[in-house]
Each structure stands twice: as structure tokens, then as C-alpha cells.
Amino acid sequence: MRYGFGFTSLTGEVSDASLALSGSLPEWLQGVLVRTGPALFEVGSEEFRHWFDGLAMLHSFSFAEGAVSYSSRFLQSKAYSDARTKGRITHREFATDPYRSYLRRIAAPATDNANVNVLQLDGTYLATTETLKMQEIRPVELSTVGRLRYEDGPFGVTQPAHPHYDPGTGEWISYVTSPVRTAYKVFRVPSGTQRAEVIASVPAKEPAYIHSFALTPSFVVLVEYPFVFKPVELGLRGRPFIENFKWKPERATRFLVIDRSDGSLSRVHETDPFFCFHHVNAFESSEELTIDLTYYPDAGIIRDLYLDRLRDPTSQVELGEVRRYHLARDATELSHEVLCRERADFPRINLWLNTLGYRFMYAAGTRSNPSDDFVNQLFKLDVDSGSVRTWFEDGCYPGEPVFVSASREGAEDEGVILCVVLNPARGNSFLLVLDASDFSELARADLPHHVPFGLHGQFFDTVGGGRRLTPFGAAH
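Here's what I pulled together on the structure shown here. (Residues numbered from 1 in each chain as written. Predicted model: local features only at pLDDT ≥ 70, side-chain atom pairs only at ≥ 80, totals over all residues. Heavy atoms only, no water.)

## A look at the overall build of the protein
At step 1: Along its length, the protein carries four helices and 34 strands.
At step 2: Computed over the C-alpha atoms, the radius of gyration of the protein is 21 Å, within 12% of the 23 Å expected from 2.2 N^0.38 for a compact globule of 476 residues.
At step 3: With respect to the principal axes defined by its C-alpha atoms, the protein has extents near 55 × 55 × 45 Å.
At step 4: Here the protein holds 476 residues, and the buried ones make up 62% of them.
At step 5: Contacts spanning at least 24 positions in sequence make up 59% of the contacts within the protein whose residues lie at least 6 apart. (Helix = DSSP H or I, 4+ residues; strand = E, 2+ residues; numbered from the N terminus. Rg over C-alpha atoms; globule rule 2.2 N^0.38 Å. Buried < 20%, exposed > 50% of the residue type's maximum accessible area, 1.4 Å probe, protein only. Contact = heavy atoms within 4.5 Å.)

This is how it looks when you write it as C-alpha cells:
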């Protein structure tokens, strides 16, 4: 099982290493790709249990004048510094809890191990996880500034690591799960501020685990899967965070459609139970809302990502199905269709089209499914025609493909795909650069070490030719 190498720790750090390129980069590509992800899977004699638990490392790829340089540095979170100082796991992570007694658990801090996503908020760069403890970072030198708090932010147990930036209004939209009169509290952060303004509160007796959500110009849509927990039990059961959630297939999956203008729950659409990590995009017409996402029949994918299973050569990981849901605007009816036969996750689009109609999706997937292999290909889906282009190299394992637009005025797929790829045979990873239009390889650059399988990243551009390549603060 060659991909198990991607779940071994990386302990060394690199500072501004020039990478040798094969091929060439487009002249317009100026900026930095910043990624975060788990990199340290054990502390002393203790081991983390889940892929999502590992201590975060930041990776940056800086592009200028046709060259690329690379840096890596551990995120200097309290979870990381305490682990280094005390030689043990000290914070409650996604599926690892170092404490068994009730008093120790309620006194122990929630993690600030921001290993899930990076984003930009009003000119401030952040690494995020699913707690409210966002970490401000410097994207080039990868230094950690410290925790950032929303001004007047709502109190909550969790928030998604995938807030939305609306390129039409310039505002952030996100939500927290509030433990007080348990509810989903949706809020906006207006452009030019870090002030959180609550726009809706939707009661939730048993809140669901919701990793991402949908946004259109008029609506926020929380898709509430029947993978839920009882808040009163969260600190009492002696289990790590995610193991407090139960799959209840007798319940429907509910699409909670919230009006952005007044915060009202406009309507609720119900369908058969399913689970999803990542939304692709959403948009609206006068007749319906369209929501594209990666569909799983249940929450078993979370179980499949425990490290003992990922390192087991007999285990299988089956990725999601790309589905499109149609929600009627004047009724509670809905329908769906499957957009392609490829199994996928880590979907990305041209972020200038977030909340709008779009044509192209990029994702990581498996060449065959179910598979005893891990993510081993990239693909580009034309959602209009259903046609698919793929990149595959035997024995190599790509991560999330990040689309970088050549210009806002150009074609939707005019740009490049940036992706970090694991190459176990050579004992390292490489940066892959594809032409987003035809999926041909433009360049690659070997790294001096392997990069453990990461989660998400963003490209933060410099302004070239008076045109910004990505929306200010883009994240998805």
C-alpha cells in the first residue's frame, strides 16, 4: 500500500528553497499558494487517531518571474507548543481526546490546531479548523501571529472551516453551532471589517456535523445530515468530539433555506439520508436553487479516515458522488441528478463564480472505485456536457487541485491548476502545474521531502496588469 507513506510524520522545516522546474510557468502567475494540513501524527509515545487530528504544518509556494520557491513551517498553535513542551497530546482534537475524566475534559481547551483551511479576511490571513480558534498567519514567511477573534462574534461550539466569500457583496458568510438554546447562528462579516453580524438563528435540538454549506446571492443553505449529537452529552460521554455524533438514518437530510435579507427560514426541503463533506457551488434562478455537492450514502467516510484504517493494506476508501440538487423556490419539492461517473472529493471551481452559475469543476478522485488505492487522479468536469479530462500518473497521489484564474475577464477555465502530489517511489512530493483548459502538464517541481496528505489551500495573488487573479479573501 504505497499511499500509507502519506500518513507518516514530517518533522523538518524548510525556508525559501528554490525549486528546480521541469517545464515552464506562465508569466502572469505571480503570488503564493499556501496550504495547511496534518503533518505530525504522534507526540512522544502518544499517537493521534484520525487523519484530521495531526498537528498542522503550513506550506507555501511563491511564484515570481517564472520561478517557484518553497517553505514549510509548523503552525505555532497552543496545541503544538504544548505538545512540544510537555511531550504529550494536550488538546482535544477531532477524534483524539487525551482526557478521560469529566473534570479534565471540560477544563481542557478546544483545539487551535488549524489544519483544515487557509483564507483571507479583510486583508488578514488565517489558518482555520472547525473551532472558533482561527490563527492569523503571515503567508510568505509562514509565521503565526496568534488567535483572531471576530468583533462581536457569536459564541458557538463549532464553525465550518469553509466560510464563503461573496464576490458580489465583498462580505463573508459563515455560521456557528450555538450551545445556548441550541441553534445554527448564521452571520456575515461586512467588507472592510472583522465584525460578525448575526443574520439568522435556526433552532437545532440535535445539531448535525456540517463541514461546509451552500451560498447563493439571496440564500444561505445549511444541509443538515442525520449525523447528529445531543449537546448535553458532549462533555459527559468521555468520547472525542466526532464520536459524540450518531448516524440516524430514520431521519431525513434537510436543506434549510435561509433568506439572507431578513434571516427567515424560507423553507425546508427533505430527502433521503446522506452525508457530505464539501459543496461544489450553488446558484439560483427565478424557479429554483441549484446546489452541487459530493454525496456519500452515510457518514462512514469519517470512519474510513481513521489512521489505523488508512494504514491498513486491506481497507478501502470510497469517495463521493458528484450530485446536483434542484430545490424549488415556491415549494418544498426537490430532485437530484448525478453529474459524472467519477468518484471525487476536494472539489474546486473558479472562485469568481462562487454563488453564480458555472461550468467547470476540478477535483481529486480515484481511478477506480471502490479501490484499495487512495486518491490517485485529478479530473476536470464540464457540468454542462458531462465530459471529463483526467490527470493520472501510476503510483502518485495528488491532493486538492487549486484553480488560479489568468484574469477575471478571461474564459472561465483560463488559468492553471496547482496541486501537491505524493510520489512514494521517490520518497518525496512534487508541485504539479496543469493548464486548466486542456489539463496538459505545464510544469512540475520536486520538493526536498514528502508532504503528508494535506487538506486545503488558497492562492493569494499579487496584482499583475491591473487585474486581480483571485477574489480578495477567496476561500471555499
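From this point, the discussion proceeds with the structure in view.
## Points about empty space enclosed by the protein
At step 1: Across all of its chains, the model carries 11 cavities of 30 Å³ or more by this definition.
At step 2: Its boundaries defined by the atoms lining it, the largest cavity holds a volume of some 140 Å³.
At step 3: If you go around the largest cavity, you meet 18 residues; those closest to its centre are Val 420, Val 451, Pro 452, Phe 453 and Gly 454.
At step 4: Sort the elements by how many residues they give to the lining of the largest cavity and strand E3 (residues 31-40) lands first, with four residues.
At step 5: Split by residue class, the lining of the largest cavity holds 10 nonpolar, six polar and two charged. (1 Å grid on protein atoms, 1.4 Å probe; cavity = no way out; pocket = protein on both sides within 12 Å on 5 of 7 lines; lining within 4 Å. Points joined across faces, edges and corners; volume = space filled by probe spheres on them. Nonpolar A, V, L, I, M, F, W, Y, C, P; charged D, E, K, R; others polar.)

## Some points on the pairing of strand E8 (residues 117-121)
At step 1: Within E8, five of the five residues are buried, which leaves the element mostly enclosed by the surrounding structure.
At step 2: Strand direction decides the pairing type here: E8 and strand E9 (residues 124-128), joined by five bridges, are antiparallel. The residue of E9 that forms the bridge with Leu 121 is Thr 124.
At step 3: As consecutive antiparallel partners, E8 and E9 are separated by two residues, and within that stretch Asp 122 has a phi angle of approximately 50 degrees, a positive value. (Pairing = 2+ DSSP bridges.)

## Let's talk about the sheet that holds strand E13 (residues 172-178)
At step 1: One open sheet holds the four strands; their spatial order is E12-E13-E14-E15, and the pairing between them is antiparallel. Every interior strand has two partners, whereas the edge strands, strand E12 (164-165) and strand E15 (197-203), have only one.
At step 2: Relative to strand E14 (residues 183-189), E13 runs antiparallel, the two being bridged by seven bridges. By the bridge assignment for E14, Ile 173 is matched with Arg 188.

## Things to note about the environment of Ile 302
At step 1: Along the chain, Ile 302 falls in helix H3 (residues 300-304).
At step 2: Residue classification places Ile 302 among the buried residues on the basis of a relative accessible area of 4%.
At step 3: With 60 residues separating them in the primary sequence, Ile 302 and Ile 242 have C-alpha atoms 8.8 Å apart.
At step 4: Once residues within four sequence positions are removed from consideration, Ile 302 is found in contact with His 50, Phe 94, Tyr 209, Phe 227, Ile 242, Phe 275 and Phe 277.

## Quick look at unusual backbone geometry
At step 1: Positive phi, close to 50 degrees, is recorded for Asp 16, a residue that is not glycine.
At step 2: As for its position among the elements, Asp 16 is in strand E1 (residues 14-18).
At step 3: Note on Asp 16: relative accessible area 53%, which makes it exposed.
At step 4: Its identity as a non-glycine residue notwithstanding, Asp 122 has a phi of 50 degrees, on the positive side.
At step 5: Here Asp 122 is to be found in the loop between E8 and E9.

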